[in-house]
2 protein chains.
Amino acid sequence: MISIVLVSHSQKITEGLQEMIVEMVGDTVHIISSGGTGDGRLGTNALMIADNIATCTNSEHIYIFCDIGSAILSAETALELLDTELLEKTTIIDAPLVEGAFTAAVQSLVNPSKEAILQELTNVH
Amino acid sequence: MISIVLVSHSQKITEGLQEMIVEMVGDTVHIISSGGTGDGRLGTNALMIADNIATCTNSEHIYIFCDIGSAILSAETALELLDTELLEKTTIIDAPLVEGAFTAAVQSLVNPSKEAILQELTNVH
């Protein structure tokens, strides 16, 4: 199973996206909503993101999707907080948050390999 | 003033995105959350989208941002329901929902012309 961690300035966005993806792929993909500051404000939270990634220890690979600017910085900071084993199987994806995460989840039903997922994501813009 | 209409399978996504954009640009842009079916389910609703566009009569231009697949179809159907005057100033944008809408809103603070906004959107992927 793969994990997809959703990072946005808005918790509503990541919760809505999580619902959208789960409706399409069910529980075949481990989707984590990691948007907002964690205390209800708009923004991002590197510690929260790192903690969420740490729940993905059993995943073959962990894909991080972010929206804009500082969401990517927070995700990069979160990666610095991971242990080596987790870090080696975690990738921040350069693709649009909604369209990219949805595409990765659907692709994982067809072929969950990292190569196949990254290839499919090149079609997302 | 421009209008930005947000279309997604998820009302939470468009509400969260509306909040995110308003926090950045305030009330200088007319942002409409038009996600979901209108009765709380995941999906899209062409009539609701058309009704929302119709509230933008005073805008210089109306930009529609959609997430995936049928959201775009619903937006296209909505355009068929508009009167000619409104239709002429409405454009469905081929860009990612979150990143595209956010970029258009911020660009409109700098230069609200359609040319400038469409140009800036070419940088979004």
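If you check UniProt, chain A appears there as PEP-dependent dihydroxyacetone kinase 2, phosphoryl donor subunit DhaM from Listeria innocua serovar 6a. One UniProt comment on chain A, placed under Catalytic activity, says "dihydroxyacetone + phosphoenolpyruvate = dihydroxyacetone phosphate + pyruvate".

Q: Could you clarify how one ought to interpret the sheet that holds strand E1 (residues 3-7) of chain B in this entry?
A: Residues and elements named next belong to chain B. Within the open sheet, the four strands sit side by side as E2-E1-E3-E4. Their pairing is parallel. Two strands bound the open sheet, and with one partner strand each, they are strand E2 (30-33) and strand E4 (90-93). Neighbour-to-neighbour, the strand axes of the sheet open up by a mean angle of 20°, direction not taken into account. Pairing geometry for strand E3 (residues 62-66) and E4, over four bridges, is parallel. Directly across from Ile 64, in E4, lies its bridge partner Ile 92. Contacts between helix H1 (residues 11-25) and the sheet are confined to E1 and E2, with E2 contributing the most and set at about 160° to the helix.

Q: Any chance you could explain the pairing of strand E1 (residues 3-7) of chain A here in plain terms?
A: Successive side chains on a regular strand alternate, one facing one side of the sheet and the next facing the other. Residues and elements named next belong to chain A. Counting buried positions over the five residues of E1 gives five, a clear majority of the element. Alternating positions in E1 separate into two faces, Ser 3, Val 5 and Val 7 on one and Ile 4 and Leu 6 on the other, with burial throughout. Sheet analysis places E1 next to strand E2 (residues 30-33), joined by four bridges and oriented parallel. When the bridges of E2 are listed, Ser 3 appears paired with His 30. Regarding the hand of the β-α-β motif, the stretch spanning E1, helix H1 (residues 11-25) and E2 is right-handed.

Q: Please explain the relation of the copies chain A and chain B as it appears in this structure.
A: Here the two chain copies are tied together by a rotation about an axis and a shift along that axis. Expressed as a screw transformation, the operator carrying chain A onto chain B has a rotation angle of 180° and an axial translation of 0.0 Å, and the superposed copies differ by an RMSD of 0.0 Å. Each copy turns onto its partner about a two-fold axis. Take the interface residues of chain A: 100% of them recur as interface residues in chain B, which is what a same-surface contact looks like.

Q: Got a minute to help me understand the UniProt feature "active site" in chain A in this structure?
A: As annotated by UniProt and renumbered to match this structure, "active site" occupies His 9 of chain A. Summarising the element assignment, His 9 of chain A is placed in the loop between E1 and H1. Classification of His 9 of chain A as buried rests on a relative accessible area of 14%. If we ignore the near neighbours within four places in the chain, the residues touching His 9 of chain A are Gly 36, Arg 41, Leu 42, Gly 43, Thr 44, Asp 67, Ile 68, Ser 70 and Ala 71 of chain A together with Met 20 of chain B.

Q: Please clarify how the interface of chain A and chain B should be interpreted in this entry.
A: A common measure of how large an interface is: the accessible area buried when the components associate. Facing 23 residues of chain A, the contacting portion of chain B comprises 23 residues. For the pair chain A and chain B, the two sides together bury roughly 2000 Å², of which 70% comes from carbon and sulfur. On inspection of chain A and its partner chain B, the count reaches four salt bridges. Where Glu 15 of chain B meets Lys 12 of chain A, a salt bridge forms, and the shortest distance between an N and an O atom there is 3.9 Å. Every element with two or more residues in the side of chain A that touches chain B is listed here: H1 and helix H5 (97-110) of chain A. Ranked by the residues each element gives to the side of chain A that touches chain B, the list is headed by H1 of chain A, at eight residues. The residue inventory of the side of chain A that touches chain B, partitioned by class, reads 11 nonpolar, five polar and seven charged.

Q: Mind showing me how you'd approach H1 of chain B here?
A: Because each turn of an α-helix spans 3.6 residues, side chains separated by three or four positions in sequence point in the same direction. Here H1 of chain B spans 21 Å end to end across 15 residues, near enough to the 21 Å set by a 1.5 Å rise per residue. For H1 of chain B, the elements touching its buried residues are H1 and H5 of chain A together with E1, E2 and helix H5 (97-110) of chain B. Positive backbone phi, approximately 65°, marks Gly 26 of chain B, located one or two places after H1 of chain B.

Conventions used here
- Residues numbered from 1 in each chain as written.
- Chains lettered and ligands numbered in written order.
- Predicted model: local features only at pLDDT ≥ 70, side-chain atom pairs only at ≥ 80, totals over all residues.
- Heavy atoms only, no water.
- UniProt positions renumbered as here; feature names shortened; annotations may be inferred.
- Pairing = 2+ DSSP bridges.
- Helix = DSSP H or I, 4+ residues; strand = E, 2+ residues; numbered from the N terminus.
- Axes fitted to C-alpha atoms, helices over the stretch in contact; angles between N-to-C directions.
- Contact = heavy atoms within 4.5 Å.
- Buried < 20%, exposed > 50% of the residue type's maximum accessible area, 1.4 Å probe, protein only.
- Right-handed = clockwise from strand over helix to strand, strands pointing away.
- Least-squares fit on C-alpha atoms with pLDDT ≥ 70 in both.
- Buried area = accessible area lost by both parts, 1.4 Å probe.
- Salt bridge = Lys/Arg side-chain N within 4 Å of Asp/Glu carboxyl O.
- Nonpolar A, V, L, I, M, F, W, Y, C, P; charged D, E, K, R; others polar.
- Expected span 1.5 Å × (residues − 1).

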